[in-house]
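Chain by chain, the residues:
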Amino acid sequence: MEQVAEGYWRALEEEPESILSEIELILWATRNAAVSPLAGRIYPAYEVELGNMFASAAQNTGEQCLMEFATLVRIFLMIYDGAAIQYMTDPKAADHRAHFFMMIDALLRKAGV
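Predicted model, so just to flag it, every value in this text is computed and none were measured.

**Comments concerning a nonpolar patch on the surface**
(1) Moving on: A cluster of nonpolar residues, Leu25, Trp28 and Leu38, forms a patch on the protein surface that exposes about 260 Å² of accessible area.
(2) Moving on: With respect to the secondary-structure elements, leucine 38 resides in the loop between α2 (16-31) and α3 (39-61).

**Topic: helix α4 (residues 69-89)**
(1) Moving on: For α4, which comprises 21 residues, the first-to-last C-alpha distance of 30 Å matches the rise-based estimate of 30 Å (1.5 Å per residue) to within 8%.
(2) Moving on: For α4, the secondary structure elements touched by its buried residues are α1 (2-14), α2, α3 and α5 (96-111).

**Overview of the side chain of histidine 96**
(1) Moving on: Within the secondary structure, histidine 96 is located in helix α5.
(2) Moving on: With a relative accessible area of 8%, histidine 96 lands in the buried category.
(3) Moving on: If we ignore the near neighbours within four places in the chain, the residues touching histidine 96 are Trp9, Gln86, Tyr87, Asp90 and Pro91.

**Observations concerning the packing of α2 against α3**
(1) Moving on: The interhelical angle for the contact between α2 and α3, taken along N-to-C directions, is 135°, at an axis separation of 7 Å. Between α2 and α3, the interaxial angle falls into the category oblique. Mapping the contact onto sequence places Glu22, Ile26, Ala29 and Thr30 in α2 and Ala39, Ile42, Tyr43 and Tyr46 in α3.
(2) Moving on: Class assignment of the residues belonging to the contact of α2 with α3 gives a composition of six nonpolar, one polar and one charged.

**A closer look at the packing of α2 against α4**
(1) Moving on: Close contact between α2 and α4 brings their axes to 11 Å; oriented N to C, the two are set at 125°. By the angle between their directions, the pair α2 and α4 is classed as oblique. Note on packing geometry: the crossing formed by α2 with α4 is left-handed. Touching Pro16, Ile19, Leu20 and Ile23 of α2 are Tyr80, Ala84, Ile85 and Met88, all from α4.
(2) Moving on: Across the contact of α2 with α4, the residue classes break down as eight nonpolar, no polar and no charged.

**Digging into the nonpolar core**
(1) Moving on: Ranked by internal contacts, the top residues of the largest apolar core, which has 30 residues, are Met1, Trp9, Leu72, Phe76, Phe100 and Ile104.
(2) Moving on: Put simply, the parts of the chain that give this core at least two residues each are α1, α2, α3, α4 and α5.
(3) Moving on: If one sorts the elements of this core by residue count, α4 sits on top with nine residues.
(4) Moving on: If near-sequence neighbours (up to four positions away) are discounted, isoleucine 104 is found in contact with Met1, Ala5, Phe76 and Ile79.

Conventions adopted
- Every chain begins its residue count from 1, and numbering advances along the sequence as written.
- Reporting in this predicted model follows two pLDDT cut-offs: at least 70 for local features of residues, and 80 or more for side-chain atom pairs to be given and counted; totals over whole chains, interfaces and linings ignore these cut-offs and use all residues.
- Values reported for side chains reflect all heavy atoms of the structure, with hydrogen atoms and water molecules removed beforehand.
- Excluding any residue in a salt bridge, patches collect residues exceeding 30% relative accessible area, merging like charges within 9 Å and nonpolar Val, Leu, Ile, Met, Phe, Trp and Tyr side chains within 5 Å.
- Per-residue accessibility takes into account occlusion by the displayed protein chains alone, with areas from the Shrake-Rupley method and a 1.4 Å probe.
- Salt bridge criterion: a side-chain nitrogen from Lys or Arg within 4 Å of a carboxyl oxygen from Asp or Glu.
- Each helix is a run of DSSP H or I of at least 4 residues and each strand a run of E of at least 2, with the numbering of both proceeding from the N terminus.
- The span you would expect from a helix comes to 1.5 Å times its residue count less one.
- Any two residues whose heavy atoms approach within 4.5 Å at even a single point are treated as in contact.
- We call a residue buried when its accessible area falls under 20% of the maximum for its residue type, exposed when it is over 50%, and partly exposed in between, using a 1.4 Å probe and counting protein chains only.
- Here an axis means a line fitted to C-alpha atoms, over the contact stretch when the element is a helix, while the angle between two N-to-C directions is reported on a 0 to 180 degree scale.
- Angle categories are assigned with fixed cut-offs, so that under 35 degrees is roughly parallel, over 145 is roughly antiparallel, 65 to 115 is roughly perpendicular, and the rest are oblique.
- Classes in brief: Ala, Val, Leu, Ile, Met, Phe, Trp, Tyr, Cys and Pro nonpolar; Asp, Glu, Lys and Arg charged; the others, Gly included, polar.
- For any pair of crossing helices, the crossing counts as left-handed if the nearer helix is rotated counterclockwise from the farther one by less than a right angle, and right-handed if it is rotated clockwise.
- Definition used in this section: a nonpolar core is a set of buried Ala, Val, Leu, Ile, Met, Phe, Trp, Tyr and Cys residues joined via side-chain atoms within 4.5 Å.

Set out below in structure tokens:
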């Protein structure tokens, strides 16, 4: 998960406009959920893709996750989405990167991996 988190954070620092566009798409889909099924498909798709990656990594290292990988992914994305929004509003306001990885570390400890 640390490698995925590093990649996500690098993308945020290098291409914040792209991440902002993704967040805007999620918000648009949510506002238009009555006419577009996209909102209900975004996070489940992440659950599958990232869940498979995290499960494979755990299996390769012999680690046992204490929660379902779908739950682990959802929490990871909650942390990332919040950190990304705070970073984009004022990148210099705090050490957003350190805070993000502090929360990822806490998640990994809770998950036992």
